[in-house]
Amino acid sequence: MAKAETIEKIYELIEPLNKKGIDLAPDVTFASDLELDSLTVMDLVAEIEDEFDIVLPLNLLPELETIAHVADAVEKIVDKG
Amino acid sequence: MDLLDKFDAVAELRASLPFEKADPFTVVMDEIISETEAVIGGRRTILAGTNNYMGMTFNEEAITAAKQALDDFGTGTTGSRSLNGTYASHKKLEQTIADFYGMEHCMVFSTGYQANLGMISALGGKDDYVIIDADSHASIYDGCSMSNATIVRFKHNDVENMERRLKRLPEDACKLVVIEGIYSMLGDAAPVKELLEVAKKYGCMTLVDEAHSMGFCGEHGRGVAEAEGVEHLVDFYVGTFSKSVGTVGGFAVSNHPKFDVLRYTSRPYIFTASPPPSVVAGAIKAIEAIKNGGNRRAHLWENAKRLHAGLKEAGFDLCTDKAESPIIAVHLPDAMIGTKFWEQLFLEGVYVNMAAPPATPAGMFLMRVSVCAQHTTEQIDEIIKRFKITAEKVGLELKA
């Protein structure tokens, strides 16, 4: 499970895109809960990459359905340095 | 459960588009009058939505050579380039393209799509990185999916965004940056010089797809990299015969000394039949004609600039500030106006491409107009006139 700090940061980046005003939680999904289209997801991915100074490869994205998935993936990449 | 259920949303979207008298997805060309006109549904129509930029589809020498090849070599090779599908003409075509690009090696693929698929999937190995523009053509994305590499995407045409990503990649890894000279939907040119310079700064190899720029960009028509004077920074060019060359097929050229090994490792090259001899013979003649096609090139650019200026003056919302290519994309506010506009323009006797998401960036709804070197000035003016009439009929508000 990712650190609260990482998840908070991701919430901050999602909030401007949260047009439906969904309560953000680790198990919230990007596609069905937040209803983000693929283009918005792309922008979000870019922001997450810049925030954590990492590369989130395109190959990983299909696996990342929830906020927790993304937070875990981000931490894994950050730790690998 | 049905395997096709997953497409229900697509089918619904498709059914919801409000076409009444014509439908862009079911257009049938009944008769091709020339490079620029066809009969569609009994109506004589100006073609302003093809990729026939240099107007080579009826080039006399290409047609004569293609007919001769049919007589001499038959309708097809029935085999892979790696087995029985390499004829002397395939080698000659590869030499013709290598000469055109001033490079050592060339591989001809059966389509342009397969050229990207074949190059990227073969080059991108397990520990490698492929870095692509977010607005890349489907053939680039599919080449990435088929490769075993890690795929990194940067914001469209954004040099700084690309550099930030390159910085984060391991220094000693093999990296391939893939860009296009002209992007096919908006017709916008890439800042090829800056992108390639940054790519080289980070030790990347580079692949430039000049599918929509070959024939008319650069002094010899090699594309945007030539126009910007940075061909020495290109490791691999990919191109197609289905646009300026007027037939079908694809190619890759390179100076890399080990290039030929790709003939044994690129699956989309190996596991398909080679292009038919008639196509190959036509392509050779068309490329020779493009080489000597200075006048056509000049007229093509005149057409593009005239169309852009005319539509801009009329108050249409254009996707580029100036004509960067023969593709002039008109932005429409939504799917409803977009579909009505396309339909009415079609009834006025002008065919353009209706481009909608997901083929377009940022969910845009576009009328993609593309000009041909064989369009007359009168035809260009006619296209502009009919655009204006259509806007009035469908109630599209134009900027004053």
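Residues numbered from 1 in each chain as written. Chains lettered and ligands numbered in written order. Predicted model: local features only at pLDDT ≥ 70, side-chain atom pairs only at ≥ 80, totals over all residues.

Colleague: Help me understand the overall build of chain A, please; the structure alone is not making it clear to me.
Modeller: The helix and strand inventory of chain A stands at three helices and zero strands. Element order for chain A, N to C, with α for helix and β for strand: α-α-α. By the compact-globule yardstick of 12 Å for 81 residues, chain A fits well, its C-alpha radius of gyration being 12 Å. Summarising its shape, the C-alpha atoms of chain A cover approximately 35 × 25 × 20 Å along the three principal directions. Every one of the 81 residues in chain A was classed for burial, and the buried ones make up 17%. (Helix = DSSP H or I, 4+ residues; strand = E, 2+ residues; numbered from the N terminus. Rg over C-alpha atoms; globule rule 2.2 N^0.38 Å. Buried ≥ 20, exposed ≤ 12 C-beta atoms within 10 Å, placed from the backbone.)

Colleague: Is there a simple way to explain the overall build of chain B in this structure?
Modeller: Along its length, chain B carries 13 helices and 14 strands. Relative to the globule expectation of 21 Å for 400 residues, the C-alpha radius of gyration of chain B, 21 Å, shows essentially globular dimensions. Taken along the three principal axes of its C-alpha coordinates, chain B extends 60 × 55 × 55 Å. Looking at chain B residue by residue over its 400 residues, the buried ones come to 52%.

Colleague: When you look at the nonpolar core in this model, what are you seeing that I'm missing?
Modeller: The nonpolar side chains of a soluble globular protein tend to be buried, and buried together. All names here are of chain B. The biggest cluster of nonpolar side chains holds 127 residues, and the ones touching the most others in it are Val130 and Ile131. With nine residues, helix α10 (residues 277–291) is the single largest residue contributor to this core. Two domains each donate at least three residues to this core, and these are domain 1 (3–54 + 293–394) and domain 2 (60–291). Apart from the residues within four sequence positions on either side, Val130 is in contact with Ile120, Gly124, Cys144, Ser147, Ala149, Ile151, Leu176 and Val178. (Core = buried A, V, L, I, M, F, W, Y, C linked by C-beta atoms within 7 Å. Domains from an automatic or database assignment. Contact = placed C-beta atoms within 7 Å.)

Colleague: How should the pairing of strand β5 (residues 129–133) of chain B be read in this particular structure?
Modeller: Residues in a regular strand project their side chains so that they alternate between the two faces of the sheet. Residue and element names in this part refer to chain B. In terms of residue burial, β5 counts as a mostly covered element, since five of its five residues are buried. Of the two faces of β5, both are covered, the one formed by Tyr129, Ile131 and Asp133 as well as the one formed by Val130 and Ile132. For β5 and strand β6 (residues 150–154), the ladder comprises five bridges, and the chain directions are parallel. By the bridge assignment for β6, Ile131 is matched with Val152. For the crossover that starts at β5, traverses helix α5 (residues 138–146) and ends in the parallel β6, the hand is right-handed. Relative to strand β7 (residues 175–180), β5 runs parallel, the two sharing four bridges. Paired with Tyr129 across the bridge in β7 is Lys175. (Pairing = 2+ DSSP bridges. Right-handed = clockwise from strand over helix to strand, strands pointing away.)

Colleague: Would you mind showing me how to read α5(B) here?
Modeller: Residues three or four positions apart in an α-helix share a direction because the helix packs 3.6 residues into each turn. All names here are of chain B. Buried residues of α5: Ser139, Ile140, Gly143 and Cys144, and no others. Axial view of α5: buried residues confined to an arc of 145°, hence all on one face. Where the residues of α5 are buried, they touch α4 (112–123), β5, β6, β7 and β8 (205–209). (Arc of directions from axis to C-beta.)

Colleague: Would you mind going over unusual backbone geometry with me for this structure?
Modeller: If a residue is not glycine, its phi is most likely negative; likewise, a peptide bond is most likely trans. In this structure, Asp53(A) is a non-glycine residue whose phi angle is positive, near 55°. Tracing the chain through its elements places Asp53(A) in the loop between α2 (38–52) and α3 (67–80). In this structure Asp53(A) comes out as exposed when scored by C-beta crowding, with 11 C-beta atoms within 10 Å. Even without being a glycine, Thr78(B) presents a positive backbone phi close to 55°. Here Thr78(B) is to be found in the loop between α2 (60–73) and α3 (88–101). We classify Thr78(B) as exposed; it has 12 C-beta atoms within 10 Å.

Colleague: Can you walk me through the domain arrangement of chain B in this structure?
Modeller: Accessible area lost during the coming together of the parts is what is often quoted as the interface size. Residues and elements named next belong to chain B. For chain B, the assigned domains are domain 1 (3–54 + 293–394) and domain 2 (60–291). Computed over C-alpha atoms, the centres of domain 1 and domain 2 are 26 Å apart. Listed as interface residues are 22 residues of domain 1 and, on the opposing side, 21 residues of domain 2. Within the side of domain 1 that touches domain 2, the residues separate by chemical class into 13 nonpolar, six polar and three charged. (Nonpolar A, V, L, I, M, F, W, Y, C, P; charged D, E, K, R; others polar.)

Colleague: Quick question: what am I supposed to make of the interface of chain A and chain B here?
Modeller: At the interface, 10 residues of chain A touch 13 residues of chain B. Its residues assigned to classes, the side of chain A that touches chain B comprises seven nonpolar, one polar and two charged.

Colleague: Can you walk me through the environment of Thr240(B) in this structure?
Modeller: Residues and elements named next belong to chain B. The residue Thr240 is located in strand β9 (residues 236–240) in this model. Once the C-alpha coordinates of Thr240 and Ser121 are considered, the two residues, 119 residues apart in sequence, prove to be 17 Å apart. Residues in contact with Thr240, not counting those within four places in the same chain, are Gly112, Ala115, Ala211 and Gly250.

Colleague: In this structure, what is going on with the packing of helix α1 (residues 4–14) of chain A against α3(A)? I would like to understand it.
Modeller: The axes of two packed helices give the description: the angle between them and the distance between them. Residues and elements named next belong to chain A. The contact between α1 and α3 brings their axes to 10 Å, and the two run at 120°. Taken together, α1 and α3 sit at an angle that is classed as oblique. In this structure, α1 meets α3 at a crossing whose hand is right-handed. Counted together, Thr6, Ile7 and Ile10 of α1 and Ile67, Val70, Ala71, Val74 and Glu75 of α3 form the full contact between these two elements. The class makeup of the residues in the contact of α1 with α3 is six nonpolar, one polar and one charged. (Axes fitted to C-alpha atoms, helices over the stretch in contact; angles between N-to-C directions. Parallel < 35°, antiparallel > 145°, perpendicular 65-115°, else oblique. Left-handed = near helix turned anticlockwise from the far one by under 90°.)

Colleague: Quick question: what am I supposed to make of the sheet that holds strand β3 (residues 43–47) of chain B here?
Modeller: In a beta sheet, neighbouring strands are held together by backbone hydrogen bonds and run either parallel or antiparallel to one another. Residue and element names in this part refer to chain B. Within the open sheet, the four strands sit side by side as β1-β2-β3-β12. Their pairing is mixed. The sheet terminates laterally at β1 (29–32) and β12 (350–351), the two strands that pair on one side only. Pairing between β1 and strand β2 (residues 37–40): three bridges, direction antiparallel. Looking at the pairing, Met29 lines up with Ile40 of β2.

Colleague: Would you mind going over the confidence of the model for chain A with me for this structure?
Modeller: When pLDDT is low, close inspection of the predicted coordinates is not appropriate. Model confidence for chain A is summarised by a mean pLDDT of 92, while 99% of its residues fall at 70 or above. α2(A) is the least confidently modelled element of chain A, averaging 90 in pLDDT, while α1(A) averages 95, the highest of any element. (pLDDT = per-residue confidence, 0-100.)

Colleague: Sorry, what's going on with the sheet that holds strand β14 (residues 365–370) of chain B here?
Modeller: All names here are of chain B. In space, the three strands of this open sheet follow the order β11-β14-β13, with antiparallel pairing throughout. Edge positions in the sheet fall to β11 (327–332) and β13 (353–355), since each has one partner strand and no second. The mean angle between the axes of side-by-side strands here comes to 25°, regardless of whether they run parallel or antiparallel. Inspection of the sheet shows β11 paired to β14 by six bridges, in the antiparallel sense. Across the sheet, residue Leu332 finds its bridge partner in β14, namely Phe365. Across the face of the sheet, helix α11 (residues 294–314) comes into contact with β11 and β14 while running at roughly 20° to β11.

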